[in-house]
Amino acid sequence: MTGYKVLVVEDSPTMRQLIVFALKRIRGFQIVEANDGVDGLKKLSADKFDLILTDINMPIMDGLKLVSMVRNDPNYKETPIIVITTEGATEDRERALALGANEYITKPIQTMKILETVKKLMSV
Amino acid sequence: MSHHDEEIDAAGRADEFLQVFKKGAEFTQDLLKENERLRFRVVQLEETLKEKGHDTVDESPDAIELKKKIEVLEQEKEEILGQIKVVEEENQNFANRYIEIEEENNMLANLYIASYQLHSTLDFKEVLQIILEIVINLIGAEEFGVLLLDEKTNRLEPVASEGLVTSELPSVAVGEGIIGEAVHSGENYFIDSMEGYERDFEKPIVCIPLKIKEHVIGVIAIYKLFTQKDEFTNVDYELFTLLAGHAATAVFSSRMYSDSERKLSTIQGFIDLLTK
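Cut-offs applied
- Residues numbered from 1 in each chain as written.
- Chains lettered and ligands numbered in written order.
- Predicted model: local features only at pLDDT ≥ 70, side-chain atom pairs only at ≥ 80, totals over all residues.
- Heavy atoms only, no water.
- Helix = DSSP H or I, 4+ residues; strand = E, 2+ residues; numbered from the N terminus.
- Buried < 20%, exposed > 50% of the residue type's maximum accessible area, 1.4 Å probe, protein only.
- Contact = heavy atoms within 4.5 Å.
- Areas by Shrake-Rupley, 256 points an atom, 1.4 Å probe, with all protein chains shown as cover.
- Lys, Arg positive; Asp, Glu negative; His and termini not counted.
- Charge placed at Lys NZ, Arg CZ, Asp CG, Glu CD.
- Rg over C-alpha atoms; globule rule 2.2 N^0.38 Å.
- Pairing = 2+ DSSP bridges.
- Axes fitted to C-alpha atoms, helices over the stretch in contact; angles between N-to-C directions.
- Parallel < 35°, antiparallel > 145°, perpendicular 65-115°, else oblique.
- Left-handed = near helix turned anticlockwise from the far one by under 90°.
- Nonpolar A, V, L, I, M, F, W, Y, C, P; charged D, E, K, R; others polar.
- Salt bridge = Lys/Arg side-chain N within 4 Å of Asp/Glu carboxyl O.
- Buried area = accessible area lost by both parts, 1.4 Å probe.
- Polar contact = N/O pair within 3.5 Å; in protein donor to acceptor, adjacent residues only side chain to side chain.

Draft legend 1. Structural context of the overall build of chain A. Within chain A, the secondary structure is distributed over five helices and five strands. The linear arrangement of helices and strands in chain A, starting from the amino end, is β-α-β-α-β-α-β-α-β-α. Among the 124 residues that make up chain A, the fraction classed as buried is 50%. For chain A, contacts bridging at least 24 residues in sequence account for 61% of all contacts bridging at least 6. Taken as a whole, chain A presents about 5700 Å² of accessible surface, with 47% of it coming from carbon and sulfur. Seen as two clouds, the 17 positive and the 17 negative side-chain charges of chain A have centres 6 Å apart.

Here it is as structure tokens:
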């Protein structure tokens with residue numbers, strides 16, 4: 001398997017570490033971390049990523065804005081986006097999916113679900 | 001022709017007709033006999049065929065050998081089917097066990113990250129922030145507070161919260177109500193049923209004492225879980241136990257460090273004054 005570049009956008013260092021630690025179990029993943037939406041956009045423009053995982057509630061720029069901007073970027077039109085959030089309401093899920101997110105996972109962290117979703121989207 | 005001649009002629013034709021009729025009757029008799037003979041022959045042949053056919057299956061050595069082989073193969077087939085069933089059950093057990101081990105692995109990894117984060121700093125405020133993050137992201141609490149024990153007053157004072165205003169949380173005396181009792185006993189408290197629960201600062205749904213060995217230094221009081229989280233899992237109970245230990249030592253060490261830093265700075269100030 002060739003290496004995949006994955007961007008994890010999450011303002012909580014603990015949650016970020018939990019996600020990164022889980023993703024490192026998939027061989028061939030190169031993981032880059034971002035603290036918020038703006039940091040995420042900077043890293044997305046500096047490199048080419050194959051998968052994006054993002055929180056919603058973040059300072060400076062939230063995850064929904066990030067999803068919307070990523071989908072308007074021709075380089076990332078088809079890149080899978082997974083939203084991982086505390087927001088469990090149906091309307092939040094529908095909004096994120098309508099903006100272009102591929103999957104929506106709620107917190108508390110569900111490592112197995114995250115791994116299954118990533119494997120499904122990346123066909124690994 | 002005279003009347004006498006006509007009579008002789010009629011009698012002759014009657015004889016002729018009688019002769020033809022007799023011949024027809026004889027021919028019919030012959031046909032019936034032949035038919036009966038042939039039917040008898042058919043029955044005979046059928047019986048012979050039946051007997052011959054029966055003898056071939058039962059008595060030919062090849063047939064006996066084949067029958068034995070079929071019996072052996074049937075037996076083997078039954079055994080293989082039994083073995084497949086056993087293997088399928090084992091496979092199912094392995095699959096279930098694999099999921100359990102994966103869940104355990106994930107839980108251990110999460111616990112490792114949580115404890116690593118808790119002990120990654122000696123800054124008191126950072127430690128409190130990490131405790132909040134762990135309770136939000138690993139347990140799934142939406143509204144909760146952290147209260148620490150003031151040993152001078154023997155009361156619990158709120159120091160951090162999520163989804164609530166910290167200053168609105170009550171100060172609680174040790175031994176008073178659910179929170180005070182959790183500090184007094186050192187035991188985790190879980191509400192019996194969350195159904196119909198309405199937030200009451202005196203009555204949290206969960207209260208976890210922060211303990212260093214048997215010494216309680218504070219509590220985490222949870223008042224609301226995320227809407228998608230309607231019950232506690234086994235992992236949650238293990239997390240509560242971990243938090244009770246690791247969060248307590250992290251809070252205690254960071255507080256000690258902050259105090260010693262402050263004292264050091266004061267002493268350094270005195271020394272600077274004296275030596276100038």
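Draft legend 2. A look at the overall build of chain B. Assigned secondary structure in chain B consists of five helices and six strands. The order of helices and strands in chain B, counted from the N terminus, is α-α-α-β-β-β-α-β-β-β-α. Taken over C-alpha atoms, the radius of gyration comes to 53 Å for chain B, far larger than the 19 Å a tight globule of 276 residues would show. The buried share among the 276 residues of chain B stands at 29%. Across chain B, the fraction of contacts at a sequence separation of at least 24, relative to all contacts at a separation of at least 6, is 54%. About 19200 Å² of surface is accessible on chain B, with carbon and sulfur atoms providing 55% of the total.

Draft legend 3. Examining the sheet that holds strand 1 (residues 4-9) of chain A more closely. All names here are of chain A. Reading across the sheet, the five strands line up as 2-1-3-4-5 and stay open at both edges, with parallel pairing between neighbours. Of all the strands in the sheet, the pair left with one neighbour each is strand 2 (29-34) and strand 5 (103-106). Averaged over all pairs of adjacent strands, the angle between their axes in this sheet comes to 20 degrees, without regard to strand direction. Running over the sheet, helix 1 (residues 13-23) touches strand 1, strand 2, strand 3 (51-54) and strand 4 (81-85) and is turned about 170 degrees from strand 2. Relative to strand 2, helix 2 (residues 37-46) is tilted by about 135 degrees, and along the sheet it contacts strand 1, strand 2 and strand 3.

Draft legend 4. Looking closely at the packing of helix 2 of chain A against helix 3 (residues 63-71) of chain A. Residue and element names in this part refer to chain A. Look at helix 2 against helix 3: their axes get within 9 Å of each other, and the N-to-C directions meet at 25 degrees. The orientation of helix 2 with respect to helix 3, classified from their angle, is roughly parallel. Helix 3 is crossed by helix 2, and the crossing has right-handed handedness. Contact residues: Gly-37, Leu-41 and Leu-44 in helix 2; Leu-66, Met-69 and Val-70 in helix 3. Taken together, the residues that form the contact of helix 2 with helix 3 break down as five nonpolar, one polar and no charged.

Draft legend 5. Representation of the pattern of salt bridges in the model. All names here are of chain A. Per the counting criterion, the structure on display carries 14 salt bridges over all chains. Glu-10 is the salt-bridge partner of Lys-107, the closest N and O atoms lying 3.2 Å from each other. With Lys-107 in the loop between strand 5 and helix 5 (111-122) and Glu-10 in the loop between strand 1 and helix 1, this pair connects stretches of sequence that are 97 residues apart. An identical accessibility class is assigned to Lys-107 and Glu-10; each is buried. A salt bridge links Lys-43 to Asp-39; the nearest nitrogen and oxygen atoms lie 3.4 Å apart. Highlighted residues: Lys-43 and Asp-39, both in helix 2, separated by four residues, approximately one helical turn.

Draft legend 6. Expanded view of the sheet that holds strand 2 (residues 155-162) of chain B. Residue and element names in this part refer to chain B. As summarised here, the arrangement of the six strands in space is 3-2-1-6-5-4, forming an open sheet in which the pairing is antiparallel. A strand with exactly one partner marks an edge of an open sheet, and here the two such strands are strand 3 (172-173) and strand 4 (189-190). Relative to strand 5 (residues 206-212), strand 4 runs antiparallel, the two being bridged by two bridges. Residue pairing across strands places Phe-190 opposite Val-206, the latter belonging to strand 5.

Draft legend 7. Quick look at the interface of chain B and chain A. Contact with chain B, which involves 22 residues of that partner, is made by 17 residues of chain A. Interface area lost by chain B to chain A is led by B:Ile113, B:Asn137 and B:Gln228, which between them contribute 34%. In this structure, the connection of chain B to chain A is made through one salt bridge. A salt bridge links B:Glu102 to A:Arg25, with the nearest nitrogen and oxygen atoms 3.1 Å apart. Put simply, chain B and chain A have nine residue pairs in polar contact (both at pLDDT 80 or more) between them. Here the residues of the side of chain B that touches chain A are counted per class, giving ten nonpolar, eight polar and four charged.

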